[in-house]
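Working through the structure, step by step
Each chain is listed here by its residues.
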Amino acid sequence: MLMKRITAALVLTLMGVSAMAQSSADQAEYLEKSWKQVATQMPDAWYASPQALHVADNVMLAQKEVGGWFKNKPYHHELSEAEKAELAEHKGDPGSTFDNGATIMEMRFLAKVYAAQKHEPLANAFAKGLDYIFLSQYECGGWPQFYPVRTGKSVAYSGHITYNDNSMVNILKLLNDVAEADDEMAHLPLSDEVRAQARERFNRGIDCILKTQIVVDGQPTVWCAQHDAETFLPANARKYELASFSGSESTGIVQLLMDIDHPSPAVVAAVDGAVKWFEAHKIEGIRLDKQKDEQGRKNLVVVSDPAAPALWARFYDLETGKPFFCDRDGIKKNSLAEIGHERRNGYGWYTDTPAKVLKKYPEWRAKKVK
């Protein structure tokens, strides 16, 4: 009997050691992921875990009093007591941002953890973030990159209506999910009035998209990465991000419009115009390649390749319709090779994402356009 007890105890001990080892391995794997992956792409079961709730504590601690968050913060990493104190100290700092997915990612994460664990503070933090989205929307229906809008020449662009890096598209997708009570958004204790407000704000955002679409010779085309909130005209951002037709940000906008269940004639015309522009401005016969330069550094170059799939430039000149490239001096160049190594290799100058729109377009027209 004694031997059986010793054996059973040993088995339990080994099981515990094995479980701890597995837990450590899981934690190591989760820490290696990006915040975006942890916030929105983990298995459903993980959002019900103590780890997820621990991360949620970090997220709530970092939420600003105004309701939003700053960008590029790995909330799934362990915070020291000094880091926690610093976050608490700066909760009252003015402003938050939607840049690089900030605020929207944190809200989606909170919604996922709440759906799994029904921890009330998570729902409260989400509601506070939603209030921030409502507060920061302009009368015209658009959103700035940063709110309250910062002042000063170097940051003034962050007050423009911002499509850059899908900033406004991310906001509108979240609002639509809230209004429709889709997936984890269905579990949040939001009133019918709040969900209706989310729908109304979404509709205003779509109206803003239609108002900012660049029209040439009476024909709707695409969008700039940012537009003036009063004139709706394309606007400059950083020195190398000049007003232009955007081959990159316009993709996310068109995909959002194509997801609307019952598109209005205005939405249909907007999609038709953008698709026509994408077709006319695709670049064929080239591909991007990484080669070493004379200093042994990796260098992005454009090479001829007749078999390569189509690409689009990020920026097209508003007058000529031709691609351009720009360094930190703000001077337009005709080719990627003409700008310095840092910007040439540190920015996305080409994209293939419009191909997704062109592929989906015939099915969308057959299914949704009556």
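You'll find the structure just up there.
What you are looking at is a predicted structure, and each value in this text was computed from that prediction instead of being measured.

Let's shift gears to the overall build of the protein. Along its length, the protein carries 12 helices and 14 strands. A principal-axis box enclosing the C-alpha atoms of the protein has dimensions of 90 × 60 × 50 Å. Burial analysis of the protein (370 residues in total) assigns 47% to the buried set. Counted over contacts in the protein with a minimum sequence separation of 6, partners at least 24 positions apart contribute 67%. Side-chain charges of the protein comprise 44 positive and 49 negative groups, with the mean position of each set lying 3 Å from the other.

What follows is about the packing of helix H5 (residues 104-117) against helix H7 (residues 167-180). Viewed as axis vectors pointing N to C, H5 and H7 meet at an angle of 25°, and their least axial separation amounts to 10 Å. With respect to their mutual orientation, H5 and H7 come out roughly parallel. Both H5 and H7 take part in a crossing whose hand is left-handed. Of H7, the residues touching H5 (which contributes Ile104, Met107 and Arg108) are Asn170, Ile171, Lys173, Leu174 and Asp177. Here the residues of the contact of H5 with H7 sort into 4 nonpolar, 1 polar and 3 charged.

It is worth spelling out the side chain of Lys91 at this point. If you trace the backbone, Lys91 turns up in the loop between helix H4 (81-89) and strand E1 (96-97). Buried charge without a salt bridge: Lys91, with Glu65 as the nearest opposite-charge side chain at an N-O distance of 7.0 Å. When near neighbours in sequence (up to four residues on either side) are disregarded, Lys91 contacts Met60, Leu61, Ala62, Gln63, Lys64 and Glu65.

Thresholds, definitions, all that
- Residues numbered from 1 in each chain as written.
- Predicted model: local features only at pLDDT ≥ 70, side-chain atom pairs only at ≥ 80, totals over all residues.
- Heavy atoms only, no water.
- Helix = DSSP H or I, 4+ residues; strand = E, 2+ residues; numbered from the N terminus.
- Buried < 20%, exposed > 50% of the residue type's maximum accessible area, 1.4 Å probe, protein only.
- Contact = heavy atoms within 4.5 Å.
- Lys, Arg positive; Asp, Glu negative; His and termini not counted.
- Charge placed at Lys NZ, Arg CZ, Asp CG, Glu CD.
- Axes fitted to C-alpha atoms, helices over the stretch in contact; angles between N-to-C directions.
- Parallel < 35°, antiparallel > 145°, perpendicular 65-115°, else oblique.
- Left-handed = near helix turned anticlockwise from the far one by under 90°.
- Nonpolar A, V, L, I, M, F, W, Y, C, P; charged D, E, K, R; others polar.
- Salt bridge = Lys/Arg side-chain N within 4 Å of Asp/Glu carboxyl O.

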